[in-house]
Amino acid sequence: MKSQFPISASLGLLAFFAAPAQSQEWPRNVIHEAGILTLDAQPRTVVSTTPSVTGILLAIGAPLVASAATTPGPLTDDKGFFSQWADLADERGVEVLYPNLTFDMESIIGWWPDLVVASTTGADSILPQYPLLQSQGIPTIAVNYSDRSWQDLARELGQALGVERGAADAIARFDQNIAEIASTITPHDGTVTIVGYQLAGTYSVGKASSPQATLLTALGFEVAGLPDRLRSQVTRSSNFDFFSRENLTDAIVGDTVFLLNGTEKTVDTFLNDPVLANLPAVRNRQVYALGQTSFRIDYFSGLQMAETVATQFAAQ
């Protein structure tokens, strides 16, 4: 279905991401998750070992030449690039650094990059290989995307790569698009709860400070987190609080539910779960999907999530 929103074309035709003006303040020290790196000159050949951050690098206009790819699946193109930014990567000529998140030192050396962008968390972390990269004299910075907004990472990477203006421009574009989408939305009364429902067998509620909650707030919703009375039942906490299935009903206090990574099928499963039958959101059928790319928010998946919400809450 053709989107009605102004950013829809930008998701597939992203030529407006022109290379930003370059910073001239070199050398500079870059403080990152694994230490401090001194860059004598602005990087001009960058590779990413973390597909979870590649979209941000593309959005800010980094001189990216190659990125690691994940295992191809429903959320990727046939190379293993995430679908929300794969077209732009192709337009930019970004090649696969190595496939299936299988670290390949020879591939990295083959590019002889001015800078490697790596992660310290997630399936694409190469932190154990960081000393090897150092021993080969390959400049590398490590970032933690698990507890940061994409905007914070964009600013951090912009400073490291000398494309601060590109980062600022990307954030401004994003904010403008979100504001335009918000003007088309009529939220329900009351609060909303973001639920991770049966995701790899887990159950969770999004914090009010999570990237997904921040985006929903910008769209006009009021997000409720986990009730304080269940705080002692949390088994793991990041941007979402995880708990056992037996606490699921008590954990969902919002009048409306948004399902993380949700699709229409996920919504149907949730609505027909007998354990949840008495929830107000279920009784009133106010349960909605956030889309399959909503698990980790960057420039591109954030816009996709906003469009998904807008199609379900179009102003009357």
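Before reading further, recall that the structure is shown in the block above.
Peer 1: In this structure, what is going on with unusual backbone geometry? I would like to understand it.
Peer 2: Comment: phi is negative for the bulk of residues other than glycine, and the bulk of peptide bonds are trans. Put simply, Trp 26 and Pro 27 share a cis peptide bond, and its omega is 0°. By secondary structure assignment, the location of Pro 27 is in the loop between helix 1 (8-12) and strand 1 (28-32). One non-glycine residue, Asn 100, lies in the positive phi region at around 55°. Following the sequence through the fold, Asn 100 ends up in the loop between strand 5 (95-96) and helix 4 (105-111). Overall, the relative accessible area of 40% leaves Asn 100 in the partly exposed class. Notably, Arg 285 is not glycine yet its phi reads approximately 55°, a positive angle.

Peer 1: What exactly am I supposed to notice about the packing of aromatic side chains here?
Peer 2: Within a pair of aromatic rings, the relevant descriptors are the distance that separates the centres and the angle that separates the planes. Inspection of every chain in the model, using the stated rule, returns 14 aromatic pairs. Judged by centre distance (5.1 Å) and plane angle (75°), the ring pair of Trp 150 and Phe 174 falls under edge-to-face. With Trp 150 in helix 6 (residues 150-161) and Phe 174 in helix 7 (residues 164-182), the pair connects residues that are 24 residues apart, well separated along the chain. As far as the burial class goes, Trp 150 and Phe 174 line up, both buried. With centroids separated by 5.0 Å and ring planes inclined at 75°, the aromatic side chains of Tyr 197 and Phe 270 adopt a geometry described as edge-to-face. One end of the pair, Tyr 197, is in strand 8 (residues 192-199); the other, Phe 270, is in helix 10 (residues 264-271), and 73 residues separate them in sequence. Positioned above the aromatic ring of Trp 26, the side-chain terminus of Arg 28 is 4.0 Å from the ring centre.

Peer 1: Please explain helix 2 (residues 51-59) as it appears in this structure.
Peer 2: Owing to its 3.6 residues per turn, the α-helix brings residues three or four apart onto one side. Most of helix 2 sits inside the fold, with nine of its nine residues counted as buried. Regarding helix 2, the residues found buried are Pro 51, Ser 52, Val 53, Thr 54, Gly 55, Ile 56, Leu 57, Leu 58 and Ala 59. Where helix 2 ends, the next residue or the one after it, Gly 61, has phi of about 80°, a positive value.

Peer 1: How should the environment of Asn 29 be read in this particular structure?
Peer 2: Summarising the element assignment, Asn 29 is placed in strand 1. Remark: the alpha-carbon pair of Asn 29 and Tyr 145, spanning 116 residues in sequence, is separated by 21 Å. In this view, Asn 29 contacts Ile 36, Leu 37 and Thr 38; residues no more than four positions away in its chain are not counted. Side chain to side chain, Asn 29 and Thr 38 meet in a polar contact 2.6 Å long.

Peer 1: Could you clarify how one ought to interpret the pairing of strand 6 (residues 115-119) in this entry?
Peer 2: Regular strands place side chains that alternate from one sheet face to the opposite one. Counted residue by residue, strand 6 has five buried out of five residues, so it is predominantly covered. Two strands pair when backbone bridges link them, and strand 3 (residues 46-48) and strand 6 are joined in this way by three bridges, in the parallel orientation. Of the residues in strand 6, the one forming a bridge with Val 46 is Leu 115. Pairing analysis gives four bridges linking strand 6 to strand 7 (residues 140-143), with the strands arranged parallel. Paired with Val 117 across the strands is Ile 141, a residue of strand 7. Viewed along the sheet, the connection from strand 6 through helix 5 (residues 130-135) into strand 7 turns out right-handed.

Peer 1: Help me understand the side chain of Gln 42, please; the structure alone is not making it clear to me.
Peer 2: You can see Gln 42 is positioned in the loop between strand 2 (35-39) and strand 3. A polar contact of 2.8 Å, which involves the side chain of Gln 42, links it to the backbone oxygen of Leu 161.

Peer 1: Any chance you could explain the nonpolar core here in plain terms?
Peer 2: For soluble globular proteins, nonpolar side chains are generally found buried alongside one another. Core analysis: the biggest nonpolar cluster contains 63 residues, and Leu 216 and Leu 219 have the highest contact counts within it. If near-sequence neighbours (up to four positions away) are discounted, Leu 219 is found in contact with Ile 178, Ile 181, Ala 182, Ile 185, Pro 187, Ala 306 and Val 309. In terms of nonpolar packing, the next biggest core, distinct from the first, is built from 21 residues, Val 205, Phe 243, Leu 248 and Leu 279 among them.

Thresholds, definitions, all that
- Residues numbered from 1 in each chain as written.
- Predicted model: local features only at pLDDT ≥ 70, side-chain atom pairs only at ≥ 80, totals over all residues.
- Heavy atoms only, no water.
- Helix = DSSP H or I, 4+ residues; strand = E, 2+ residues; numbered from the N terminus.
- Buried < 20%, exposed > 50% of the residue type's maximum accessible area, 1.4 Å probe, protein only.
- Phe/Tyr/Trp six-rings, centres within 6.5 Å; stacked < 30°, edge-to-face > 60°.
- Lys NZ or Arg CZ within 6 Å of the ring centre and 35° of its normal.
- Contact = heavy atoms within 4.5 Å.
- Polar contact = N/O pair within 3.5 Å; in protein donor to acceptor, adjacent residues only side chain to side chain.
- Pairing = 2+ DSSP bridges.
- Right-handed = clockwise from strand over helix to strand, strands pointing away.
- Core = buried A, V, L, I, M, F, W, Y, C linked by side-chain atoms within 4.5 Å.

Fair warning: the whole summary comes from geometry, so function is off the table for now.
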